[in-house]
Amino acid sequence: AVEDKEFYNHGGFDVKGITRAGVNNALGRSSTQGGSTITQQLVKLTQNWSKDRTYTRKVKELILAVELERTYSKKEILAGYLNTAPYGDITYGVESSMQDYFNKPAKDMTLDEAAFLAAIPKSPTLYSPYGARYDKQSLLDRQDYVLDLMAEQGKITTAQRDEAKKVDTIAKIKPRKAKYTSIQ
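Residues numbered from 1 in each chain as written. Predicted model: local features only at pLDDT ≥ 70, side-chain atom pairs only at ≥ 80, totals over all residues. Heavy atoms only, no water.

Could you give me a rundown of the packing of helix α2 (residues 38-46) against helix α4 (residues 74-84), with the residues and numbers involved?
At their nearest, the axes of α2 and α4 sit 9 Å apart, and the two run at 50° to each other. The angle between α2 and α4 falls in the class oblique. Our pair here, α2 against α4, has a crossing hand that is left-handed. Taking contact as the criterion, the partners of Ile38, Thr39, Gln41, Leu42, Leu45 and Thr46 in α2 are, on α4, Ile77, Leu78, Gly80, Tyr81 and Thr84. (Axes fitted to C-alpha atoms, helices over the stretch in contact; angles between N-to-C directions. Helix = DSSP H or I, 4+ residues; strand = E, 2+ residues; numbered from the N terminus. Parallel < 35°, antiparallel > 145°, perpendicular 65-115°, else oblique. Left-handed = near helix turned anticlockwise from the far one by under 90°. Contact = heavy atoms within 4.5 Å.)

The structure is reproduced here in structure tokens:
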């Protein structure tokens, strides 16, 4: 709902999104305007292109995204993205994020937790409670935004959205465990 609402309707790239980003970048409205689909983001994450923002890299990304869509199913691409997306300073993938934040498997996640996780990849250092520049209010606003989009797009009901917004997800987060304290 928040990353790529047309994911199941495109072949790896979104012409409208790329055009909008190109126009905004050309007019100086933003030098980092988004236009990437989940497929393009998966390519970028797996090719370590996060810092490279050149037009040449964008063309390569488009070509690889189309090839990815020709080779893999949408379910496989989404699984790849969910397993590589950043969810905090050293946390990648939904399963490890659920373990880190909530100490439970992803299959047991609740709607408020799903919206919480969906909020983080846009800016992990800002939105992750474990991040260096964590901003609690920004995270809560983004989580609510994700829930609103899900309701607007018919993925959940407004009652489900309202119920999820009532949950204090931040209070459910477990303190970060030191993973390697017993190594000698």
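Describe helix α3 (residues 55-71), naming the residues involved and giving the relevant values.
With 17 residues, α3 ought to run about 24 Å at 1.5 Å a step, and its terminal C-alpha atoms sit 24 Å apart, in line with that. Every buried residue of α3 is accounted for by Arg57, Glu61, Ala65, Leu68 and Glu69. Looking straight down α3, one finds its buried side chains confined to an arc of 105°; they lie on one side. α3 presents Tyr55, Thr56, Ile63, Arg70 and Thr71 as exposed residues on the side facing more than 90 degrees away from its buried surface. Elements that come into contact with the buried residues of α3 comprise α2 and α4. (Expected span 1.5 Å × (residues − 1). Buried < 20%, exposed > 50% of the residue type's maximum accessible area, 1.4 Å probe, protein only. Arc of directions from axis to C-beta.)

Purely geometric stuff here, so don't read any function into it on its own.
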